[in-house]
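Take a look at the letters that make up each chain.
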Amino acid sequence: DGGGITFTIGALREGESGVAGFRAVGMMKQNGEGERSFTAVWDLKAGVLKGFVVGEALGAWRTGAIGGGALRLMTRPDAARLLLLGAGRQAETQLRAACPVRPDLKRIEVFSRRADRNVAFAERMSATLGREIVPVASVRAAVEEADIVI
């Protein structure tokens, strides 16, 4: 089986404004690269293309945004410590969504099974977000102290 294509479409209309878009995902395994996708969004009132995203980053951002919404609804506003399990693409978008939702966090920690990725992620995201992200070596101790675990 060489794969296939998934095509999704959606629209949001509020009052006289609104947007519509589609996403196409190709699962073509012949080239060994797996999933490839693109998303396009139009302004319905103006009838113009508003944006076009190529690649899988949109899925990671969408998941991060959903996580941010969940944090807002399901965590205490006074939560002080956040622990992020993992140091991959999803971890980055989850953390980017968590920081504006809980801006008063006193400590943000990250744990990855690979120490090199753990440290690199903490350094990169500290610089990106302008906040200290601390790599931790023991997941058990970090979970016990955390108010929020992602």
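Above this text is the structure in question.
These numbers come from a predicted model, not from an experiment. (Residues numbered from 1 in each chain as written. Predicted model: local features only at pLDDT ≥ 70, side-chain atom pairs only at ≥ 80, totals over all residues. Heavy atoms only, no water.)

Caption draft 1: Summary view of the nonpolar core. One finds Leu82, Leu84, Leu95, Ile108, Phe121 and Ile133 to be the most contacted residues of the largest nonpolar core, which totals 17 residues. When residues of this core are assigned to their parent elements, the largest contribution, 4 residues, is made by helix α2 (residues 89-101). With residues up to four places along the chain from it excluded, the contact list for isoleucine 108 reads Leu82, Leu95, Cys99, Arg131, Glu132, Ile133 and Val134. Formed by 5 residues, the second largest nonpolar core is a distinct cluster that contains Phe111, Val136, Ala142 and Ala146. (Core = buried A, V, L, I, M, F, W, Y, C linked by side-chain atoms within 4.5 Å. Buried < 20%, exposed > 50% of the residue type's maximum accessible area, 1.4 Å probe, protein only. Helix = DSSP H or I, 4+ residues; strand = E, 2+ residues; numbered from the N terminus. Contact = heavy atoms within 4.5 Å.)

Caption draft 2: Fine view of the packing of α2 against helix α3 (residues 115-129). Two numbers describe how α2 lies on α3: the axes approach to 12 Å, and their chain directions differ by 35°. Seen along the crossing, α2 lies across α3 with a hand that is right-handed. Within the contact between the two elements, α2 uses Ala91, Glu92, Leu95, Arg96 and Cys99 and α3 uses Phe121, Arg124, Met125, Thr128 and Leu129. Its residues assigned to classes, the contact of α2 with α3 shows 6 nonpolar, 1 polar and 3 charged. (Axes fitted to C-alpha atoms, helices over the stretch in contact; angles between N-to-C directions. Left-handed = near helix turned anticlockwise from the far one by under 90°. Nonpolar A, V, L, I, M, F, W, Y, C, P; charged D, E, K, R; others polar.)

Caption draft 3: Here's a closer look at the packing of aromatic side chains. For the structure shown, the criterion picks out 3 aromatic pairs. Ring geometry for phenylalanine 22 versus phenylalanine 38: centroids 5.7 Å apart, planes at 85°, classification edge-to-face. Here phenylalanine 22 is found in strand β2 (residues 17-28), whereas its partner phenylalanine 38 is found in strand β3 (residues 34-43), with 16 residues between them in sequence. In textbook terms, an aromatic cluster arises when at least three aromatic residues are bridged by ring pairs, as seen for Phe22, Phe38, Trp42 and Phe52. (Phe/Tyr/Trp six-rings, centres within 6.5 Å; stacked < 30°, edge-to-face > 60°.)

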